[in-house]
Amino acid sequence: MKTLIDIKQDLEGQIGKRLEVTANGGRRRTIIRSGVLTETYPSVFVVELDQEENAFERVSYSYADVLTEAVELSFYDDVAEPVASE
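These numbers come from a predicted model, not from an experiment.

Q: Would you take a moment to explain the pattern of salt bridges for this structure?
A: Between side chains of opposite charge, a pair can form when the charged atoms approach closely. Under the defined criterion, the tally for this structure stands at 5 salt bridges. We note a salt bridge from R18 to D50, for which the minimum N-O separation is 3.0 Å. Here R18, found in strand β1 (residues 18-26), pairs with D50, found in the loop between β3 (44-49) and β4 (58-62); they are 32 residues apart in sequence, far enough to count as distant. Of the residues examined, D50 reaches a relative accessible area of 11% and is grouped as buried. Taken together, the shared-partner salt bridges in this structure form one network comprising E39, E48 and R58.

As C-alpha cells, this is what we get:
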C-alpha cells in the first residue's frame, strides 16, 4: 500500500506532464478535468487546467485525496495505470 510520502514522490517526478483528474464531487457526482501537473507542496499538489473546458485556471488536491481514492490521476503517457492504484 502506498503512503502519502510515496504519492508525493511519484507526483514530483511527473511535474509538467498532462493528466486527467477524476474527483468525487459528492452525492454520486464525478468531476473529470484535464490539465498539467505544475507544482507540488508539502501537503497539496496543483493542476493547471485546460482553459477551454474550465471556468477557473487551477485546482489543488491533497495527497490524502489520492490515498483515499477520492481523487484518481491518470497521466496521458500511461492512461491505463493511475498513480493511486496498487
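Q: Explain the nonpolar core here, please?
A: A general tendency of soluble globular proteins is for nonpolar side chains to be buried together. Counting residues in hydrophobic clusters, the biggest one holds 16 residues, and the most contacted among them are L11, F45, V47 and L73. At the level of elements, α1 (4-12), β1, β3, β4, α2 (63-67) and β5 (71-75) are the ones that each hand at least two residues to this core. The contacts of V47, once residues within four sequence positions are left out, are L19, V21, G35, V36, L37, T38, E57, R58 and V59.

Q: How should I be thinking about the pairing of β1 in this particular structure?
A: Side chains on a regular strand alternate between the two faces of the sheet. Pairing of β1 with strand β2 (residues 29-40) involves 8 bridges; the strand directions are antiparallel. Looking across to β2, one finds that N24 is bridged to T30. The hairpin turn running from β1 into β2, its antiparallel successor, is 2 residues long, and R27 in that turn takes a positive phi close to 50°. Sheet topology note: the β1/β5 ladder contains 5 bridges and is antiparallel. Pairing of T22 across the sheet is with E72, part of β5.

Q: So what exactly am I meant to see when it comes to the packing of aromatic side chains here?
A: Here a ring pair, both rings aromatic, is described through the centre-centre distance and the interplanar angle of the planes. Per the counting criterion, the structure on display carries 2 aromatic pairs. Each ring, one from F45 and one from Y61, has its centre 6.0 Å from the other, and the planes form 40°; the classification is tilted. Taken together, the residues span a long stretch of sequence, with F45 in strand β3 and Y61 in strand β4 at a distance of 16 residues. Classification of F45 by relative accessible area gives buried; the value is 0%.

Criteria and cut-off values
Residues numbered from 1 in each chain as written. Predicted model: local features only at pLDDT ≥ 70, side-chain atom pairs only at ≥ 80, totals over all residues. Heavy atoms only, no water. Salt bridge = Lys/Arg side-chain N within 4 Å of Asp/Glu carboxyl O. Helix = DSSP H or I, 4+ residues; strand = E, 2+ residues; numbered from the N terminus. Buried < 20%, exposed > 50% of the residue type's maximum accessible area, 1.4 Å probe, protein only. Core = buried A, V, L, I, M, F, W, Y, C linked by side-chain atoms within 4.5 Å. Contact = heavy atoms within 4.5 Å. Pairing = 2+ DSSP bridges. Phe/Tyr/Trp six-rings, centres within 6.5 Å; stacked < 30°, edge-to-face > 60°.

Geometric values such as these leave the question of function open.
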